[in-house]
Amino acid sequence: MKRKRSFSLTAGAVMVALIVAMCLVSFVWMPMDPEKMDTANRFALPGAQHLLGTDQFGRDVLSRIMEASRWALLVGVCSVTAGAAAGSAIGAAAAMLGGVLRSVIMRFIDGMMSFPGILLAMMLVTVLGKGILGSVLAIGIFMIPTFSRLVYSMVLENKQRLYVKAAQSYGCSRRRIVLHHMLPDMLPRLITQFSSSIGGAVLLESSLSFLGLGIQPPTPSWGMMLSEARQFVLSYPYIAVAPGVVLLITVLGFNLLGDGLNDRFVKRSSR
Amino acid sequence: MLKLLVRRLLSALAVLFVVSFITFVVLLCIPGDAAQLVLGVDATPEKVAALREAMGLNEPWYIQYLDWIGGVLRGDWGTSYVYGENVWTLLCQRLPVTFSVALLSMLIAVVLSAVLGILAALKKDSPLDILARTVMQLGGALPSFWLAMLFMLFFASYLGWFPITGYTPMSEGFGACLRSIALPSFVLAIGELGILIRIVRSSMLTALDQDFMLSARVKGLPPRAAIVRYALRSAVIAPITISGMQLAKLLGGTVIVETIFALPGIGRLMLTAVEQRDITLLQGIVLFITSMVVLVSLVTDLIVMAVNPAIRTGEEAVSR
Amino acid sequence: MNLCKRLLAGLLAAAAALSMTACGASSADGSSAGSKTASASQTAQTRTDLNMALSVDPDGLDPQRTTAASTFQITNNIYDTLLRVNTDGTLKEGLAESWETSEDGLTLTFRLRSGVTFHNGNPCNAEAVVSSFERLQAEDSPRAADYANFTFTAQGEDTVVVTCAELDVAALSSFAYPWSAIVDTSVADTLKNSPVGTGPYKLKEWVPQQSLTLEKNPDYYDTVNLETITFKMMPDATSQIASLRSGELDIISVSGDQVAAFENDPQFNIVQAPSNGIQLMAMNLANEALSDVRVRQAINYAVDKQSLIDTVWWGYGEPIGSHYPTVLKEYVDLNDTYSYDPEKAKELLAQAGYADGLTLEMYLPKSYPAYVSAGQVIADSLKEVGITCNITIVEWAAWLSDVYNGRNYDLTVVGHTGRLDPYVLLARYQSDSSENYFNYSNPEVDELLSGYKSEKDEAKRTEMVQQVEEILAEDVPAYYIQTPITLYVTSSAVEGFEIYPIDIYEMKDVSFAS
C-alpha cells in the first residue's frame, strides 16, 4: 500500500519536473525561433531538421511547444495563486463572520459554482480582455469558489476545536486566530488543492485558447496550436499530436502530484 | 423538516438570482453594441441610435434587468436578437441534441465506472485496480478537445465507423442518431470517468471497511452475498447523487465537444450568445441550465436528508 | 473472484455489442447508398432534388431586415427583384418586364409582369411593389439610407415610377440587389420565419441549425428546373467534403487547400470565378506613424503579396494594388506600384524616423480564419523590417464597434464586398464618410468622387474611377491584398450553377444532367 501511494507522488513529481525543465531550457535554448515563419516549408514532417515538424506557417512545432510551456506554467501558477489567496480570504471571512453576511457571501460563491462548464471563464475573459493578463485574472476568479468552499468548511470545523475556543477566550482577534492558529492545520489540504488546481488551470487556459479566447498569436499556447491544427487535422494528422501530449503530461503531472500529496499528508494526518 | 425544506428552496432561488445577476452585469461590460450588430456595417449612426432606443438599450441597466426578470416570471423569456426567435423556443430546439449527448455519455460513464470502480475496490492494488486508477487519472487530465480530435481522426476518418461531424436527429432513425452522437458522448464520458471512478471506488472501499461487513461475515454470510447485500447497497448513494449532478452540469459543459463535432446544441448556442453579445439569449441559457443544476442538487439533498437523519440537524448539507 | 469475472464478462459483452452496432450501422448505410445508385440507374430518371451545404444558418428570411450575405443567398430564390443580374454584372429583366430612364436621369419607370402573385395568392401589383419599397425605406431597415433618395408611386396596376431627389447614375442597379426584393407587406411581421415572395421557390420547411428546404413555385413565370432544394447546415468543412463524396450533398463551397483533392476527378466539377470583392489590411491614418505616407509605403514594400496569397489562400486569389476588384470593367492593374522590397522598406522607415522600430496594434476578426492567418503572416513580414505588431483577435461584434465604427486600431485585415456600382465601393474614401475607417483624407479623391455621381458620360465616369484607383495605389491607406477566387465543387451531374458578382445563388437555373 505504501509503495502505491508514493507512486502518484513520484510520477506526478517527475512529470511536473519534466515540464518545468522544458520551460527553463526554453529560456536558454530553443531549436529555432518559435515565431519565425517559413512558408515555403510548411507542414514539414517530423525529421532531422524539425524534430516535431512544422505548422501551417512553417514554424517549428518543438520550439513553439517549448515557448508555450512558459505561458502555461505562468498562467497556471499565477492564476491559482491569486484565486487561492482571494478564495481563502473570502471563505475564512464568511466562516468567521457568520450571520447574514455569511449567507450572502456563500450564496454568491454557490452562484459562481453553478455556472455551467467554462461559461464563467468565457464571460470573464471577454470582459477582462484576452491575452495573458486577461487569462490569469479570469482563471483566478474562476478558482475562487473552490478555495472559499474548502477554507469555509475547514474553518467551520476548526471553530469547534478546543484550541480555537481557548484562543478566543484570551481575546485573540479573529484574523489572528485564522492566520496563526488555524492556518498550520489547514495548510496540507490547501497545498494539495493548490497542486491539482494548477492542473485544472492549465487545462482551462488551453480550452480558452482553443476557443480563441486565451493567449493571442503569435505567442504560442498549446490550446491555440491544437485549434490551428484542427483546421488541417484530416490532411496533416501529425501536427495535432505533440501539443496534446505535452498538455496531457502537464495536467496529469499536477493532478497526480496533488493526489500524492493528499495521500501522504492529508489522509495520514486525519487518521 | 419543513422549515429546512423552505430554507433550502429559498437558498436555491437565491443562487439562481445571483447567477442571472452576475451574467447580466458581466455581459453589460462586454464591448460591442447589439444595435450595431443588427444593422451591420453600412448603417448610419442615427439609425443605430434609433434602434438602441427601440431595443430598450438606453434604459439604465437595473431597469433592463428588472424588465427581463419580470418577463421570465410571466413566462416570457424574451427574444434573441441574433435569431429573432423566442429564447424558450430556441432552448427547446437545442435541448434534445445536448440532452441526448449528455445522457448517453453519462450512461457510458456510469456503467464503466461502476464496473471498474467496484472491481478495483474489491481487488485493491491488483492490476485491475491500477487500470481503474489510470483511467481515472487520464479521464481527469485529457483535454476534451484533443481527445475529440484524436477520436475523430481514428474512428471517423480512418475507420469510417462514425460520421466526422454533424447531428442526425432522432426522426431520421435511432441508429443514425446514435452514430452521430456516439463519438462526442464517448469523449465526454471519458472526462466523467475521472470523477465517477474515484467516487465509486472510494465509497465501495469505505463500505467494505464498515462494521456491518464484519458482522455479516461473523453471522456466516458468504463474502459474495455480503458484498451484494450490504456493501453495494450502502456504496451506491454517493455515486448516484454525483451522477445526477454531473448530468445536469453536462448540459452546459458541452461547448467544446459541440464545437468540434458541429452539433447544434446548447453549448454552441451559448458560444454564439457570448460572441454576438446576445444578452437575452445568454441569460435564458444560463438560467435554464443553472435551474437544472440547482433543481437536481435540491432533490439529491432532500434524498440524502431523508436517508440520513444525522444531516437534518447539522449544518447545511454540502452537496458536492 | 467469480463476481469479478461476471462483471468483466458483462463489460466485454457490452463493448462488443457497441462495436457491433457501429459496424452494423456503417454497413447498412453503405448498402443503402448502393441501392440508391442502383435505383437511379434503373429508372434512368433525372434527379430533381438538390442538396447544398450552408455553413451559416440564415438570420431569418426577411431580405429587407438583414445584412448577411448567407441569408441573401437563400432569400434570392424565394423573392424576386425588379431587375436581375447576369454573371458579368449587367442587368436583365426580373419582376419588371421592361424599364426606361428619363432624359434627365431622375425618373425611372418599371413595367411589371402582369398576373404575378405572391406565394400566398395575394396579387403582386404596382401598389404591392411600392408598399414593399416603402418598407425598405422604413426606420428599422438597414438599407434605409441607400434608398432615401427615391420616391415610389404606382401608376395603374402594373407601372411603378421612381423619382430620384438627386441624380444617381447607378440608380438602376439598386433594383437588382437581393435586399431590394419585393415582399408581401401584408404579412410583414412574420416574413422572418415564414417568407412570402414571388420568387421561383417557396419555403417548405426550416429547422434552424439543421436544414432549410425550398420547393418549386408552380406559378413562376420562368422555367424552374428543380422540384426541391435542401440547404443543409454544416459549419464544418471536413464533413461537407465527406458528404459531397458520399453523395449526400451536390454542391459545396470549398477553400483553396481543399480544392486540390477534387482536381482531375471526373466525378466532380470545380466551379471557380474571381469574386466581386477585395481583401486588404486597412491602416488607421489617425495613428501618427501611419499618417506618414513613407511608413505606409514601407509596409507595402515589406510584404511579399504572392507568397501571402499562396500561404493563406493556397494561391486562389488575384493580387491587387488598389481598392478595386479585378472583375469590374474599370479595374486597372496597379500591382507594380510597390513591389516586394524589404530593403527599401527599411530605408523608408529610417527616413520617416522609425529606424529603431515601431509598434502597432493589429486587430483581426475571429469569424474569418483566413484574415486571422493573413494578419499573422503580414505581422511576421513586418517584424523583418522592424515593425512589431501586437495582435488581438476579436469577435465580430467587437470588431464592428471598436475597430470599424470606433476606429480604434492601427492595422486590421478585412474584406469588402463589391457592388455593381463602383461608387459604393470607393465612397468610403471620402473625408467625411462615416465608413471611412482609414481616416483617409485627400481633397483630390473627394472631388473626383463627388463629381462622379452627377457625371452622365460613362467614359468620363470610368476615367474618374480609374483616377481614384491610381491615387489610392500611390497613397496606400491600406495594404491591398487580393480579389479572392470563389470556389465551389459540385457533383458532375449538376449543371447551370454559376457564381454571380453579388452574393446570390440563382438556383432556378440549376439542373441535373440526365
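Conventions we followed
- Residues numbered from 1 in each chain as written.
- Chains lettered and ligands numbered in written order.
- Predicted model: local features only at pLDDT ≥ 70, side-chain atom pairs only at ≥ 80, totals over all residues.
- Heavy atoms only, no water.
- Helix = DSSP H or I, 4+ residues; strand = E, 2+ residues; numbered from the N terminus.
- Buried < 20%, exposed > 50% of the residue type's maximum accessible area, 1.4 Å probe, protein only.
- Contact = heavy atoms within 4.5 Å.
- Areas by Shrake-Rupley, 256 points an atom, 1.4 Å probe, with all protein chains shown as cover.
- Lys, Arg positive; Asp, Glu negative; His and termini not counted.
- Charge placed at Lys NZ, Arg CZ, Asp CG, Glu CD.
- Salt bridge = Lys/Arg side-chain N within 4 Å of Asp/Glu carboxyl O.
- Pairing = 2+ DSSP bridges.
- Axes fitted to C-alpha atoms, helices over the stretch in contact; angles between N-to-C directions.
- Buried area = accessible area lost by both parts, 1.4 Å probe.
- Polar contact = N/O pair within 3.5 Å; in protein donor to acceptor, adjacent residues only side chain to side chain.
- Nonpolar A, V, L, I, M, F, W, Y, C, P; charged D, E, K, R; others polar.
- pLDDT = per-residue confidence, 0-100.
- Core = buried A, V, L, I, M, F, W, Y, C linked by side-chain atoms within 4.5 Å.
- Domains from an automatic or database assignment.
- Patch = residues over 30% accessible without salt bridge, like charges linked within 9 Å, V, L, I, M, F, W, Y side chains within 5 Å.
- Parallel < 35°, antiparallel > 145°, perpendicular 65-115°, else oblique.

*Asks:* Could you clarify how one ought to interpret the overall build of chain A in this entry?
*Replies:* When helices and strands are counted, chain A shows nine helices and zero strands. Seen in sequence order, chain A has helices and strands lined up from the N terminus as α-α-α-α-α-α-α-α-α. Taken along the three principal axes of its C-alpha coordinates, chain A extends 75 × 45 × 30 Å. Here chain A holds 271 residues, and 57% of them are scored as buried. Within chain A, contacts between residues separated by at least 24 positions form 71% of all contacts whose residues are at least 6 apart in sequence.

*Asks:* Before we go on, may I ask you to explain the overall build of chain C in this structure?
*Replies:* The helix and strand tally for chain C stands at 14 helices and 20 strands. Going through the 514 residues of chain C one by one, you find that 54% of them count as buried. Taking the intrachain contacts of chain C between residues at least 6 apart in sequence as the baseline, contacts between residues at least 24 apart amount to 70%. Summing over all exposed atoms, chain C offers an accessible surface of approximately 20600 Å²; the carbon and sulfur share of this is 47%. Across chain C, 33 positive and 71 negative side-chain charges occur, with their mean positions spaced 7 Å apart.

*Asks:* I'm lost on the side chain of A:Arg70 in this one. Help?
*Replies:* Residues and elements named next belong to chain A. One can find Arg70 in helix α2 (residues 61–97). Within the buried core, Arg70 has no salt-bridge partner, and the shortest N-O distance to an opposite charge, that of Glu67, equals 4.4 Å. Setting aside anything within four residues of it in sequence, one finds Arg70 in contact with Cys23, Ser26, Phe27 and Met30.

*Asks:* Sorry if this is basic, but what is going on with the sheet that holds strand β7 (residues 159–164) of chain C here?
*Replies:* By way of backbone hydrogen bonds, the strands of a sheet pair with one another, either parallel or antiparallel. Residues and elements named next belong to chain C. Spatial ordering of the open sheet is given by β4-β5-β7-β6, a layout of four strands whose pairing is antiparallel. This sheet does not close on itself; its edge strands, each paired only once, are β4 (96–101) and β6 (150–155). Neighbouring strand axes in the sheet, compared pairwise and without regard to direction, differ in orientation by 20° on average. Here β4 pairs with strand β5 (residues 107–112) via five bridges, running antiparallel. Across the sheet, Thr101 pairs through a bridge with Leu108, a residue of β5. The strands touched by helix α3 (residues 126–136) are β5, β6 and β7; relative to β6, the strand with the most contacts, the crossing angle is about 165°.

*Asks:* Quick question: what am I supposed to make of the interface of chain B and chain A here?
*Replies:* Interfaces are often sized by the accessible area lost when the parts come together. In this complex, chain B contributes 47 residues to the contact, which on the side of chain A involves 45 residues. Buried area between chain B and chain A, summed over both chains or domains, comes out near 4100 Å², and the portion from carbon and sulfur atoms is 76%. The largest share of the area that chain B buries against chain A comes from B:Phe145, B:Trp146 and B:Met149, three residues that together contribute 16% of it. If you look at where chain B meets chain A, you find one salt bridge. Across the pair A:Asp259 and B:Arg198 runs a salt bridge whose closest N-O atoms are separated by 3.2 Å. Linking chain B to chain A there are four residue pairs in polar contact (both at pLDDT 80 or more). Broken down by secondary-structure element, the contributors of at least two residues to the side of chain B that touches chain A are α1 (2–29), α6 (127–141), α7 (144–158), α12 (255–261), α13 (266–275) and α14 (279–307) of chain B.

*Asks:* Hey, could you run me through the interface of chain A and chain C in this one?
*Replies:* Listed by partner, the interface residues are 23 residues for chain A and 20 residues for chain C. Interface of chain A and chain C: buried area, both sides summed, is about 1600 Å²; carbon and sulfur atoms make up 50% of it. When the buried area of chain A at its contact with chain C is split by residue, A:Arg42, A:Phe57 and A:Pro217 rank highest and sum to 27% of it. The interface formed by chain A and chain C holds four salt bridges in total. In this structure, the salt-bridge partner of C:Glu395 is A:Lys130, at a minimum N-O distance of 3.5 Å. The residue inventory of the side of chain A that touches chain C, partitioned by class, reads ten nonpolar, five polar and eight charged.

*Asks:* Is there a simple way to think about the confidence of the model for chain C in this case?
*Replies:* If pLDDT is low for a region, its predicted coordinates should not be looked at in detail. Residue and element names in this part refer to chain C. When pLDDT is averaged along chain C, the result is 86; 91% of the residues meet or exceed 70. Segment residues 1–5: pLDDT under 50, and seven contacts once partners within four positions in sequence are set aside and those in other chains are kept. Per-residue pLDDT stays below 50 along residues 7–43; that stretch engages in 16 contacts with residues further than four places along the chain or on separate chains.

*Asks:* How should I be thinking about the nonpolar core in this particular structure?
*Replies:* Grouped burial of nonpolar side chains is what soluble globular proteins tend to show. Grouped together as the largest cluster of nonpolar side chains are 161 residues, with contacts concentrated most on A:Leu119, A:Met122, A:Trp222, B:Phe261, B:Leu282 and B:Ile285. Looking at this core element by element, the count peaks at 14 residues for α2(A). Taken domain by domain, this core gets at least three of its residues from each of domain 1 (2–74) and domain 2 (87–319) of chain B. Aside from chain neighbours lying at most four places away, what touches B:Phe261 is B:Ala148, B:Met152, B:Ile164, B:Thr165, B:Gly166, B:Leu183, B:Pro184 and B:Val187. Judged by nonpolar contacts, the second largest core, of 66 residues, contains C:Leu61, C:Val183, C:Val494 and C:Ile504.

*Asks:* Can you walk me through a nonpolar patch on the surface in this structure?
*Replies:* All names here are of chain A. A surface patch of nonpolar side chains, about 630 Å² in accessible area, is lined by Val20, Leu24, Val25, Phe27, Val28 and Trp29. Relative to the helices and strands, Val28 resides in helix α1 (residues 2–28). Judged by relative accessible area, which is 75%, Val28 ranks as exposed.

*Asks:* Sorry if this is basic, but what is going on with the packing of α2(A) against helix α8 (residues 222–232) of chain A here?
*Replies:* When two helices pack together, their arrangement is given by the angle between their axes and by how far apart the axes lie. Residues and elements named next belong to chain A. Where α2 meets α8, the axes come as close as 8 Å, and the angle between the chain directions of the two elements is 140°. As the angle between them shows, α2 and α8 are arranged oblique. Across the interface between the two elements, Val61, Arg64, Ile65, Ala68, Ser69 and Ala72 from α2 touch Trp222, Met224, Met225 and Glu228 from α8. Class assignment for the residues of the contact of α2 with α8 results in seven nonpolar, one polar and two charged.

*Asks:* Before we go on, may I ask you to explain the pairing of strand β8 (residues 201–207) of chain C in this structure?
*Replies:* Looking down a regular strand, the side chains alternate between one sheet face and the other. Residue and element names in this part refer to chain C. In the sheet, β8 pairs with strand β9 (residues 211–216) via six bridges, with the strands oriented antiparallel. Residue pairing across strands places Val207 opposite Ser211, the latter belonging to β9. Hairpin geometry of β8 and β9 is characterised by an intervening segment of three residues between the two adjacent antiparallel strands and by a positive phi of about 70° at Gln209.

*Asks:* Where do I start with the pattern of salt bridges in this structure?
*Replies:* Any two side chains of opposite charge can pair, given that their charged atoms come close. Applying the stated criterion across every chain, the model contains 31 salt bridges over all chains. Across the salt bridge formed by C:Asp292 and C:Arg294, the nearest N and O atoms sit 3.0 Å from each other. For C:Arg294, a relative accessible area of 31% puts it in the partly exposed group. In this structure, C:Lys508 engages C:Asp509 in a salt bridge whose closest nitrogen and oxygen atoms are separated by 3.4 Å. Shared partners join several salt bridges into a network, and the residues in it are A:Asp55, A:Arg59, A:Arg64 and A:Glu228.

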